[in-house]
Amino acid sequence: MGRIGGAFGVRGWLKVRSDTQPPEALLEYSPWQVQQGGMWRTYDVIEGSMHRKGLVVRLAGVTDREQAELLYGADIAVTRSQLESLPAGEYYWADLIGLRVMTTHGVELGELEKLIETGANDVLVVQGDRERLIPYLRPDVVTEIDLAAGVLRVDWDPEF
């Protein structure tokens, strides 16, 4: 959902890079799961707001700059139960990561490693015999998503 970018001020506030759209939507979720040192810890969001290009946030228990600096670079997540249900045919990116990517002709291209937001359209990053960048254009390129089978089908030339 985002990442902590560092301390903001001396009273424990944090600079946060949000991966939500719009960025301030991240403030609607509390508590946050924050990963530091390979371990997840739960923090309640006390307050936050947009500041320049990002968010600034105050978390419960983080009261000074030194505590805030310890969270630098930590990933922010929320539990699945905090996310709203999506209409049929819409997916969270997290649901798509790890799916096998196959062409409409049955050629396996690899596994969906991540998605990239480019502005024009999102891009699938598929790792297989080589890395492929495939535009996430439904239904023209991405023709089928079958979460139960773990497959995402694309109308794509395997040589491209």
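Visitor: Can you tell me about unusual backbone geometry, naming the residues and giving the values?
Guide: The omega torsion of the bond from Gln 21 to Pro 22 falls at -5 degrees, within 30 degrees of zero and hence cis. The omega angle of the peptide bond from Ser 30 to Pro 31 is 5 degrees, so this bond is cis rather than trans. Inspection of the secondary structure assignment puts Pro 31 in the loop between strand 2 (13-18) and strand 3 (32-36).

Visitor: So what about the pattern of salt bridges? Which residues, and what values?
Guide: Throughout the structure, instances matching the rule amount to eight salt bridges. For Glu 108, the salt bridge goes to Arg 100, with nearest N and O atoms at 3.7 Å. Using a relative accessible area of 45% as the deciding quantity, one classes Glu 108 as partly exposed.

Visitor: Which residues make up the side chain of Thr 20, and what values go with them?
Guide: Relative to the helices and strands, Thr 20 resides in the loop between strand 2 and strand 3. Reaching out from Thr 20, the side chain makes a polar contact with the backbone oxygen of Pro 23 at a distance of 3.1 Å. Ignoring sequence-local partners within four residues, the contact set of Thr 20 consists of Met 1, Ala 25 and Leu 26.

Cut-offs and rules
- Residues numbered from 1 in each chain as written.
- Predicted model: local features only at pLDDT ≥ 70, side-chain atom pairs only at ≥ 80, totals over all residues.
- Heavy atoms only, no water.
- Helix = DSSP H or I, 4+ residues; strand = E, 2+ residues; numbered from the N terminus.
- Salt bridge = Lys/Arg side-chain N within 4 Å of Asp/Glu carboxyl O.
- Buried < 20%, exposed > 50% of the residue type's maximum accessible area, 1.4 Å probe, protein only.
- Polar contact = N/O pair within 3.5 Å; in protein donor to acceptor, adjacent residues only side chain to side chain.
- Contact = heavy atoms within 4.5 Å.

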